[in-house]
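# Topology and contacts: notes
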2 protein chains.
Amino acid sequence: MNNDARAPTLKDVAAHCGVSVISASRVMRDAPNVSKSLREKVERSAQIIGYKRNRIAGALRGQATDLIAVIVPSMSNHVFPNIVDGIDDALQGSQLRVVLGMSKYNDINEEAILRDMLTWNPAGVILSGLEHSEKTKEMLSYFSGPIVEVMDTDGESIDMAVGISMAEAGILIAQHLVAKGYKRIAYVGAWGERPKRSVKRRVAFEAELIRLKTPLVTSVILDGESSLERGAKGIKQLLERGIDLDAVFFANDDLALGALFYCQANDIRVPDEIALAGFNGIEMCQSISPRLTTVSTPRYEIGRLAGELVRKHIGRTEIPDRKVFPLNLELIEGSTT
Amino acid sequence: MNNDARAPTLKDVAAHCGVSVISASRVMRDAPNVSKSLREKVERSAQIIGYKRNRIAGALRGQATDLIAVIVPSMSNHVFPNIVDGIDDALQGSQLRVVLGMSKYNDINEEAILRDMLTWNPAGVILSGLEHSEKTKEMLSYFSGPIVEVMDTDGESIDMAVGISMAEAGILIAQHLVAKGYKRIAYVGAWGERPKRSVKRRVAFEAELIRLKTPLVTSVILDGESSLERGAKGIKQLLERGIDLDAVFFANDDLALGALFYCQANDIRVPDEIALAGFNGIEMCQSISPRLTTVSTPRYEIGRLAGELVRKHIGRTEIPDRKVFPLNLELIEGSTT
DNA sequence: ATCATAATTGACAACGATACCAATATAGAT
DNA sequence: ATCTATATTGGTATCGTTGTCAATTATGAT
């Protein structure tokens, strides 16, 4: 609030204790080759005159910042907050900081945010998904720090990728439903199938169903972002078509839960009349009854590993050779299938 | 990845089109008093040689950055992701960017993160809650940009505060429960009552119950972060005490929903045997059946307003006189009371 | 055509920290 | 005591941009 005069600089600290500016600098950033007495002197002076580091200046000279640009589609869902939590935890104890941007599931927004963030000379970049605009890819090809794409490992990564195989997820659910004896299977997606990775999941799901001689009967792709309400709408639309169905796979748990609640409210027995399966494994799935069958995705771990990879690359310690890190999926069998 | 030679600077742009560096600078940052021809020349050159602004350098000279330091407790809950979404939306179209830190509900972490973030000379600061360490307050007293504390408006704010009255929330629920005829009321909290604002809510709740001649019968404060599971544990503990109860107020919806599911699984009729009420109004409350009675908090709007305030202060346009902005709470009457 | 005013452009010096290299002090070996 | 190797300190230039003020050019009024 009050900001009388200007903030003290290294020069002031140095003058205060009669050493050179560069020595003060070394103390402040824990550089090697500093005697104990010098360190104490400088630290005391800094303390007294209330010196605060100015990273901007340091970054200009040193060329690199301690900022990690993280671009996710949105925070208002169950996936990305967990990823961001994981990233931040992995960065704990380092000087690295997350600079966050939200693309609203739009490649052009992503591009604009990235362009802006690159002007800060970040030390690393974390994006979501493997699909980006051409411009985005071009900008990143000139970027010299580590780049991690999170969530999806089915495809070409720019640098590193940490996530899960969307195809595997689709296959897992397909196999589960068929093994359980369901024969008339439908699919419900949302948001015009954004992001792209949900398409990969659906396509693999459909292909596996065909392989298992139980082809998909029908599907609904809703408009707008996934929500419980939209899941209810999805199952309603599906049932109103009058097609004989015995199981539905939803693009995510929010949709599936919404459908489950719809069924409960309308006395449609799950799974006797219709079986429901979701995707993500959010906490809610396990707590409600009946428990929802779903594929759980290690969201926090994805973020955590992404953060660790960035950190290791920046520290240049034990840089792994691998570029793609698919983490394990787990089918959680509830009572809705 | 490849970063051959160094990135082109303003000097390179200027040299390329034969103007002075400062003129190129003016074009790049849309400064006034630039002729159309100059603008075109410079923009074309910048385009050709692939010039990218270096905000670090600009920030060093200009003293202020376009970074907004945002410190929240955690992303893995239903409150803060919405707030961050709101902040980011409010900042859309400006150059301002969110730099995120997570305190894990710990004042000392908050202090350390803030100390680190201030070295980046942010243009504004957004914190959660009104309770901070002394050091934190001291650091902020020297900070010259806007400071917004989000979530809670019951108390002294450092600069501005946007949120809700925790006391009002407690009172609303107390009045509702009493009006509904409940007489033997209990409370369940978690996380050792972190953050502090949950205490304010509980205290106001208890005080109002006393005023209404229906004092709180008992309460349980659980360890660890709120979750569905812990809510189930809470109601279980409460019921096992064998005390006669007819309603329970939970510190948040996660706990309340967990309790609801526990009751459903154990054939405890809600609200006949016991009524349940939560706090926050997460989407799930309205979709399950029975719908959960709760107080809905305008989380996105809080973030949005906080972002707008910061933006206005930085732009020095229409700075509002008000310092505290309590937003409206809404009691959502479900079927669990 | 002349002058006053406004619009446009440029020169220079910062902003604060750190990389690089040189100078000095200290310790250890003989 | 002398010399070498090492640890510690200091001086200077520089990172890329922009604020300030001065110089130049265009515009309009008389």
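In what follows, the structure referred to is the one given above.
An account of the accompanying structure is given in this report. (Residues numbered from 1 in each chain as written. Chains lettered and ligands numbered in written order. Predicted model: local features only at pLDDT ≥ 70, side-chain atom pairs only at ≥ 80, totals over all residues. Heavy atoms only, no water.)

## A few points about the interface of chain A and chain B
Opposite the 55 residues of chain A that make contact, chain B presents 54 residues. Applying the counting criterion to the chain A and chain B interface returns 8 salt bridges. A salt bridge links A:R55 to B:D116; the shortest N-O distance between them is 3.4 Å. On inspection of chain A and its partner chain B, the count reaches 18 residue pairs in polar contact (both at pLDDT 80 or more). Put simply, the parts of the chain that give the side of chain A that touches chain B at least two residues each are α4 (55–62), α5 (80–91), β2 (97–102), α6 (107–118), α7 (134–141), α10 (228–240), α11 (253–265) and α12 (283–287) of chain A. For the side of chain A that touches chain B, the residue count by class is 24 nonpolar, 18 polar and 13 charged. The pairing of β2(A) with strand β2 (residues 97–102) of chain B spans 3 bridges and is antiparallel. What sits directly across from A:L100, in β2(B), is B:V98. (Contact = heavy atoms within 4.5 Å. Salt bridge = Lys/Arg side-chain N within 4 Å of Asp/Glu carboxyl O. Polar contact = N/O pair within 3.5 Å; in protein donor to acceptor, adjacent residues only side chain to side chain. Helix = DSSP H or I, 4+ residues; strand = E, 2+ residues; numbered from the N terminus. Nonpolar A, V, L, I, M, F, W, Y, C, P; charged D, E, K, R; others polar. Pairing = 2+ DSSP bridges.)

## So, the nonpolar core
Most often, soluble globular proteins have nonpolar side chains that are buried together. Of all hydrophobic cores here, the largest spans 157 residues; its most connected members are A:L100, A:L276, B:L100 and B:L276. B:L276 has contacts with B:I235, B:V248, B:F250, B:A256, B:A259, B:L260, B:C263, B:V270, B:L292, B:T293, B:T336 and B:T337, leaving out every residue within four places of it along the chain. One finds A:L67, A:L127, A:I147 and B:A59 within the second-largest nonpolar core, a separate group that totals 34 residues. (Core = buried A, V, L, I, M, F, W, Y, C linked by side-chain atoms within 4.5 Å. Buried < 20%, exposed > 50% of the residue type's maximum accessible area, 1.4 Å probe, protein only.)

## Side note on the protein's contact with DNA strand C
Contacts to DNA strand C come from 25 residues, most closely from A:L10, A:S25, A:Y51, B:S23 and B:R26. By atom count, sugar and phosphate contribute 63% of the portion of DNA strand C lying within 4 Å of the protein. Measuring from a phosphate oxygen of DNA strand C, one finds a side-chain N or O atom of A:S25 at 2.4 Å. A:A57 is positioned such that a nitrogen or oxygen atom in its backbone is 3.2 Å from a base nitrogen of DNA strand C. Mapped onto the surface near DNA strand C, the elements with two or more residues apiece are α2 (21–28) and α4 of chain A together with α2 (21–28) and α4 (55–62) of chain B. Top contributing element to the surface near DNA strand C by residue count: α4(A), with 4 residues. Looking at the surface near DNA strand C residue by residue, the class counts come to 11 nonpolar, 9 polar and 5 charged. (Near = heavy atom within 4 Å.)

## Some words on the relation of the copies chain A and chain B
For the match of chain A to chain B, the screw axis carries a shift of 0.1 Å, the RMSD comes to 0.1 Å, and the turn is 180°. This pairing of chains is accounted for by a two-fold axis. Proximity to the rotation axis, assessed at the C-alpha, singles out A:V99 in chain A; its C-alpha lies 2.1 Å from the axis. Of all interface residues in chain A, 98% are interface residues in chain B too; the two copies therefore contact each other through one and the same surface. (Least-squares fit on C-alpha atoms with pLDDT ≥ 70 in both.)

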